Amino acid sequence: MSRLVHRVRLHAPAAHLVQRGAFLLEDALRTASLPGAGPGRLLLVRYLHVGTINPARNPVALAMALEERMRLLRATAVHAATAGAPAAQAVYFHDEAEAYTMLALRLVARQPISAWFWRLVAPHLDPRAPLRSLLYAIPATSVGTAMLLRVLTELAAREALDPLLATLTPTDGARLLALRHWSAPVAAPALPPNDAAQMQGLAGPPAMPTALLASAWRAPLARWIKRWGSGDPRSHWLATSALVATHPPRLLDPTLPIRAALLTSMMTSAPTAQPSPVGFTPEPDQDPHPTQAPHTATYPAEATTDELPPSGGATFSALGAPVERSSQLRPVPHGDQTVTPRPSPARTDQPGEAMLALAPPLAMPPVTRLGGLFFLLPVLERLGLRALLAAQPHWIEADLGWALLRIVAARLGLTERDPLHHVLGEAPPDDPALTFVAPATWHNGPAVLPSATIHRVEQQPGLRVIIDRTGRLLLARWSHQRPAGLHELRTATDLRRGATLANLPSPTHAWITAARRWLRRSPAHIGLRDLVTRPALVSITTTHLDLTFDHSQTDLRLRRHGLDFNPGWVPWLGKVVSFHYANVEELRYAL
């Protein structure tokens, strides 16, 4: 668990005693097992009295005292959405992304953010332009990208994205693209005239996604892209954000810049979108470098400049009075016009309505009997899943990563009562139109080569499949035109013609077969069932998935080969996955 201390105050009769106390405290903070608010949760402490520090004692005694004080604070911690949060000594969020999301929603609704914990969430927020500077305050990391997309999605779901977008300049668009390491705007490919299917469904290879945008994104995306123009960096940033927010694995898609460019071109030429939310009427803006972003009195006026917000600390006293709990976000009325951000639809992977109502108290997360399912993530990485998704982007739209986990869980007895059931959902049917070529890493691993057989499939004209020598591992599948990645496979194998197959082999089953073989042949030498069927506590949010195992479940077979190391941000799942180990006392009621 990471820990950050903003300020330390020590009092002693002599300077050398202050230095000794600072040394002991620093050592104790590094070594103490400080209990947090729970797996994945963010715990913020207003102040912590460490008591009298005896300079003659070692840091261990001080560390134990800190642990005990933190346990008391954890027991009294309240969620940031509760009425007593501003006066509490400790508050928590379900994850760091929720903290930024709540802050953005309060800024949009013109609610005060003077409570002490908001300074810790975003210490560099510029009070002159808090919404705009929040985009730069979110960490510029892979995890930070997930947080940013969650903030934007929540604002879009409540029809409250306009006040944020109104503060952006073209320079902001370019800088935000660079901050997330996204490609600069590219030229959009030509669209067939009056192609209604592409305009409505965003379908068709190779440039367009096969899945629709989330409905909440369509209206603001069309409105602002038509206003900014398809060549504006802000349009490209917003289109990329909408595509990735709808389906996070698209971050791995090398054609993402083309898709974003085509989307902006389509939105620019599409019919006028539905009107803006009540109380917000964007004015025509043809100046590519406006000196002031348009806004109305309904929303907070923000300073707009081409300079980045200052990196120093900000003063929050001018931004409002102490926070009051509200069942919904209430913007300040202006005349007869108000804007009330709508509540987002209910989600099965987000605990409670933490941003709008009282959050549930800290409690034991639910338990799954298939906690080891996510130990498969490093196995799939080593088998080349990420490289396959980059080379064959249509499997990104097929949600291959989640599909593999769903099938494995279903085979091992996933029930509706298991908390993972709501996360994994139902395994999708195999689409025979999807071309598949196994990664090259399979050639010297799961695949049994050098010989393989090529087959036709009954009642599937033009369809061809290649299977390894065992007859059980699919290596390639295509229809009519040979895929680009087939050449490397053909040079590594001696292809022979086989009999016509009655059933079409599935690439998802091929991945599971490859994982089974890798686990059995690796030094870990463990079966798939033995790996996966491990009870664990599950904590799930829109961006994080945390699993807590008992210390007794530590398996040296996994530890030696890094299978139980924290995967962190997994782009092909769109989640930050973390593993935790706790004492038996914390899990005895769940195991």
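Structural data are supplied above this passage.
These numbers come from a predicted model, not from an experiment.

### A few points about the pairing of strand 8 (residues 474–479)
Most of strand 8 sits inside the fold, with five of its six residues counted as buried. Bridge count between strand 5 (residues 436–437) and strand 8: two bridges; the pairing is antiparallel. The partner of Phe436 across the bridge, within strand 8, is Arg477. Pairing of strand 7 (residues 463–468) with strand 8, which is carried by five bridges, proceeds in the antiparallel orientation. Looking at strand 8, one finds that Arg464 is bridged to Trp478. Hairpin connection between strand 7 and strand 8: a loop of five residues separates the two successive antiparallel strands, and Gly471 in this loop has a positive phi of roughly 80°.

### Remarks on the packing of helix 11 (residues 233–246) against helix 12 (residues 256–269)
Here helix 11 crosses helix 12 at 110°, and the two axes come no closer than 9 Å. As judged from the angle between their axes, helix 11 and helix 12 are roughly perpendicular. The two elements helix 11 and helix 12 meet at a crossing, and its hand is right-handed. Across the interface between the two elements, Ser235, His236, Ala239, Thr240, Leu243 and Val244 of helix 11 pack against Leu256, Pro257, Arg259, Ala260, Ala261, Leu263 and Thr264 of helix 12. Classifying every residue of the contact of helix 11 with helix 12 gives eight nonpolar, four polar and one charged.

### Describing a positive patch on the surface
A cluster of basic residues, Arg369, Arg411, Arg516, Arg520 and Arg529, forms a positive patch at the surface. Here Arg369 lies in the loop between strand 4 (367–368) and helix 13 (376–382). A relative accessible area of 40% places Arg369 in the partly exposed class.

### Things to note about the nonpolar core
A general feature of soluble globular proteins is that nonpolar side chains tend to end up buried together. In terms of nonpolar packing, the biggest core is built from 73 residues, with Leu373, Phe374, Leu376, Trp442, Leu475 and Trp511 touching the most fellow members. If we skip the residues at most four places from it in the chain, Trp442 touches Leu383, Phe436, Ala447, Leu473, Leu474, Leu475, Ala510, Trp511 and Ala514. Among the nonpolar cores identified, the runner-up in size contains 63 residues, and Phe93, Leu125, Val151 and Leu263 belong to it.

### Considerations on the environment of Thr145
Following the sequence through the fold, Thr145 ends up in helix 6 (residues 142–157). Linking Thr145 and Ser241, residues 96 residues apart in sequence, is a C-alpha distance of 9.3 Å. If we ignore the near neighbours within four places in the chain, the residues touching Thr145 are Pro139, Arg180, Trp182 and Leu251.

### Regarding helix 12
With 14 residues, helix 12 ought to run about 20 Å at 1.5 Å a step, and its terminal C-alpha atoms sit 20 Å apart, in line with that. Summarising burial for helix 12: 10 of the 14 residues are buried, a large majority.

### What about the sheet that holds strand 10 (residues 536–540)?
Each strand in a sheet pairs with another by means of backbone hydrogen bonds, the pair being arranged parallel or else antiparallel. Within the open sheet, the five strands sit side by side as 4-10-11-13-12. Their pairing is mixed. Looking at strand neighbours, the two that pair on one side only are strand 4 and strand 12 (568–570), the edges of this open sheet. Inspection of the sheet shows strand 10 paired to strand 11 (residues 544–550) by four bridges, in the antiparallel sense. Its bridge partner being in strand 11, Ser539 is matched across the sheet by Asp546.

### Let's talk about the pattern of salt bridges
All told, the structure shown has 21 salt bridges when counted by the stated rule. The salt bridge partner of Arg30 is Glu26, with a shortest N-O separation of 3.0 Å. Taken together, the residues span about one helical turn, with Arg30 and Glu26 both in helix 1 (residues 15–31) at a distance of four residues. One salt bridge connects Asp430 with Arg477, and the closest N-O pair in it is separated by 2.8 Å. Placement of Asp430 in the loop between helix 17 (420–424) and strand 5 and of Arg477 in strand 8 is noted, with a sequence separation of 47 residues between them. Residues participating in the shared-partner salt-bridge network are Arg250, Asp253, Arg259 and Glu397.

### Points about the sheet that holds strand 6 (residues 451–456)
Spatially, five strands are ordered 5-8-7-6-9 in an open sheet, and the strand pairing comes out mixed. Looking at which strands have only one partner, the edges of the open sheet turn out to be strand 5 and strand 9 (494–497). Those strands touched by helix 19 (residues 507–521) are strand 5, strand 7 and strand 8, and its axis lies near 165° from that of strand 8.

### A closer look at the packing of aromatic side chains
By the definition in use, this model includes 12 aromatic pairs. Seen from their ring centres, Trp224 and Trp228 are 5.3 Å apart, and the 45° between their planes marks the pair as tilted. Placement of the pair is Trp224 and Trp228 together in helix 10 (residues 215–228), with a separation of four residues, close to one helical turn. Of the two residues, Trp224 and Trp228, neither departs from the other in class, the shared state being buried. These aromatic residues form a ring-pair network of at least three members: Phe93, Trp116, Phe117 and Trp118.

Reading the values: rules and limits
- Residues numbered from 1 in each chain as written.
- Predicted model: local features only at pLDDT ≥ 70, side-chain atom pairs only at ≥ 80, totals over all residues.
- Heavy atoms only, no water.
- Buried < 20%, exposed > 50% of the residue type's maximum accessible area, 1.4 Å probe, protein only.
- Helix = DSSP H or I, 4+ residues; strand = E, 2+ residues; numbered from the N terminus.
- Pairing = 2+ DSSP bridges.
- Axes fitted to C-alpha atoms, helices over the stretch in contact; angles between N-to-C directions.
- Parallel < 35°, antiparallel > 145°, perpendicular 65-115°, else oblique.
- Left-handed = near helix turned anticlockwise from the far one by under 90°.
- Contact = heavy atoms within 4.5 Å.
- Nonpolar A, V, L, I, M, F, W, Y, C, P; charged D, E, K, R; others polar.
- Patch = residues over 30% accessible without salt bridge, like charges linked within 9 Å, V, L, I, M, F, W, Y side chains within 5 Å.
- Areas by Shrake-Rupley, 256 points an atom, 1.4 Å probe, with all protein chains shown as cover.
- Salt bridge = Lys/Arg side-chain N within 4 Å of Asp/Glu carboxyl O.
- Lys, Arg positive; Asp, Glu negative; His and termini not counted.
- Charge placed at Lys NZ, Arg CZ, Asp CG, Glu CD.
- Core = buried A, V, L, I, M, F, W, Y, C linked by side-chain atoms within 4.5 Å.
- Expected span 1.5 Å × (residues − 1).
- Phe/Tyr/Trp six-rings, centres within 6.5 Å; stacked < 30°, edge-to-face > 60°.

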